[in-house]
Amino acid sequence: MDADGGTSARHAARRVGPASDAPSRSMQHPGSTERSRSTTTMSALRIDVADLLARSRSRRPVQLTMAVDDLGVGGLRIDAPLVLDLVLDRVPQGVVVHGTIRAHWEGECSVCLRELASDVEVSVSDLFEHHPVEGETYLLEGHVIDLEQLVRDAVLLDLPLVPTCESLGLVPCEPDVALVDDDPDTGSGDAPVDARWAALSELDL
Ligand SMILES: [Zn+2]
């Protein structure tokens, strides 16, 4: 029953991101929206639920493995296919979608820039209805639901804003060893150099 609490927070856009912007994202046109580019790859997420709507109490599992294009936040990217394991439930207001979404992300540690990768598994429970409440429920468009926005909201919300080695339970970020390294050569003599040069010059002659 976390449908209300979860969805309201999802629309607080996660634009923060690490200070150092990922170079790969700079290739994108700054003005273009992420959503418009993804319609082809995400089109499988439009699901006809006419069969569910025809009966007062029914459910249908939906299992999808789909490639994603351009899904990420800050310096993190979703690379591997998304795995959706969902159940659609007919309810009086519309259709409730619940289950899990699994994704694999890659990115850099915000501290030491080491390459990081991890999986996220997000639980969702969201209502699709004909007159959605902005920020809380999603649109049931005739007899079609489009899971794209739900998937984006859920996955992006679950990505770490500032991933670090330690936040993933890895060994701590490597300290800069050069800073603590004492100079062992301090005080070593310099006078003999002149003597050696003198000797060499004598040999050359
Ligand atoms: Zn690190």
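Keep in mind it's a predicted model, so treat the numbers as computed, not measured.

What counts, and where the lines are drawn
- Residues numbered from 1 in each chain as written.
- Predicted model: local features only at pLDDT ≥ 70, side-chain atom pairs only at ≥ 80, totals over all residues.
- Helix = DSSP H or I, 4+ residues; strand = E, 2+ residues; numbered from the N terminus.
- Buried ≥ 20, exposed ≤ 12 C-beta atoms within 10 Å, placed from the backbone.
- Pairing = 2+ DSSP bridges.
- Core = buried A, V, L, I, M, F, W, Y, C linked by C-beta atoms within 7 Å.
- Contact = placed C-beta atoms within 7 Å.
- pLDDT = per-residue confidence, 0-100.

Observations concerning the overall build of the protein chain
Item 1. Each helix and strand counted, the protein chain has five helices and nine strands in total.
Item 2. For the protein chain, the N- to C-terminal ordering of α and β elements is α-α-β-α-β-β-β-β-β-β-β-β-α-α.
Item 3. For the protein chain, the residues scored as buried account for 22% of the 205 residues in total.

Looking at helix α4 (residues 148–158)
Item 1. Among the 11 residues of α4, eight are classified as buried, and the element is accordingly described as predominantly covered.
Item 2. Of all the positions in α4, only Glu148, Leu150, Val151, Arg152, Asp153, Ala154, Val155 and Leu156 are classed as buried.

A short note on the pairing of strand β5 (residues 82–91)
Item 1. Across eight bridges, strand β2 (residues 59–66) lies against β5 in antiparallel orientation. From the neighbouring strand, Met66 faces β5, where its bridge partner is Leu82.
Item 2. Direction of pairing for β5 relative to strand β6 (residues 94–108): antiparallel, over a ladder of nine bridges. Bridging from a neighbouring strand, Arg90 pairs with Val95 of β6.
Item 3. Turn length for the β5-β6 hairpin, with the two strands adjacent in sequence and antiparallel, is two residues.

Focus on the environment of Leu156
Item 1. Along the chain, Leu156 falls in helix α4.
Item 2. Along the chain, Leu156 and Ile78 lie 78 residues apart, while their C-alpha atoms are 9.4 Å from each other.

Notes on the nonpolar core
Item 1. Ranked by internal contacts, the top residues of the largest apolar core, which has 30 residues, are Val95, Val97, Ile101, Phe128, Leu150, Val151 and Val155.
Item 2. Listing elements by their share of this core, those giving two or more residues are β4 (76–78), β5, β6, β7 (115–129), β8 (138–141) and α4.
Item 3. Residue contacts for Val155: discarding those within four places in its chain leaves Leu71, Ile78, Ile101, Ala103, Val120 and Val122.

Overview of the pairing of β8
Item 1. In terms of strand pairing, β7 meets β8 through two bridges, oriented parallel. Residue pairing in the sheet places Phe128 in a bridge with Tyr138 of β8.
Item 2. Connecting β8 to the next strand, strand β9 (residues 144–146), in antiparallel fashion are two residues, including Gly142 with a positive phi near 65 degrees.

Quick word on the environment of Leu53
Item 1. Counting through the fold element by element, Leu53 comes out in helix α3 (residues 50–53).
Item 2. A count of 15 C-beta atoms within 10 Å places Leu53 in the partly exposed class.
Item 3. Each C-alpha atom, one on Leu53 and one on Val95, is 8.0 Å from the other, the two residues being 42 residues apart in sequence.
Item 4. When near neighbours in sequence (up to four residues on either side) are disregarded, Leu53 contacts Arg90 and His143.

Focus on the confidence of the model for the protein chain
Item 1. Averaged over every residue, the pLDDT of the protein chain is 74; residues scoring 70 or more account for 64%.
Item 2. Mean pLDDT across the elements of the protein chain bottoms out in helix α2 (residues 34–37) (40) and peaks in β8 (96).
Item 3. Below pLDDT 50 for its whole length, residues 1–40 participates in 33 contacts with residues either more than four positions away or in separate chains.
Item 4. Ignoring residues within four places in sequence, the model shows residues 177–183, a span with pLDDT below 50, making zero contacts including any to other chains.

Details of unusual backbone geometry
Item 1. Unlike most non-glycine residues, Leu113 shows phi in positive territory, near 65 degrees.
Item 2. Mapped onto the fold, Leu113 is located in the loop between β6 and β7.

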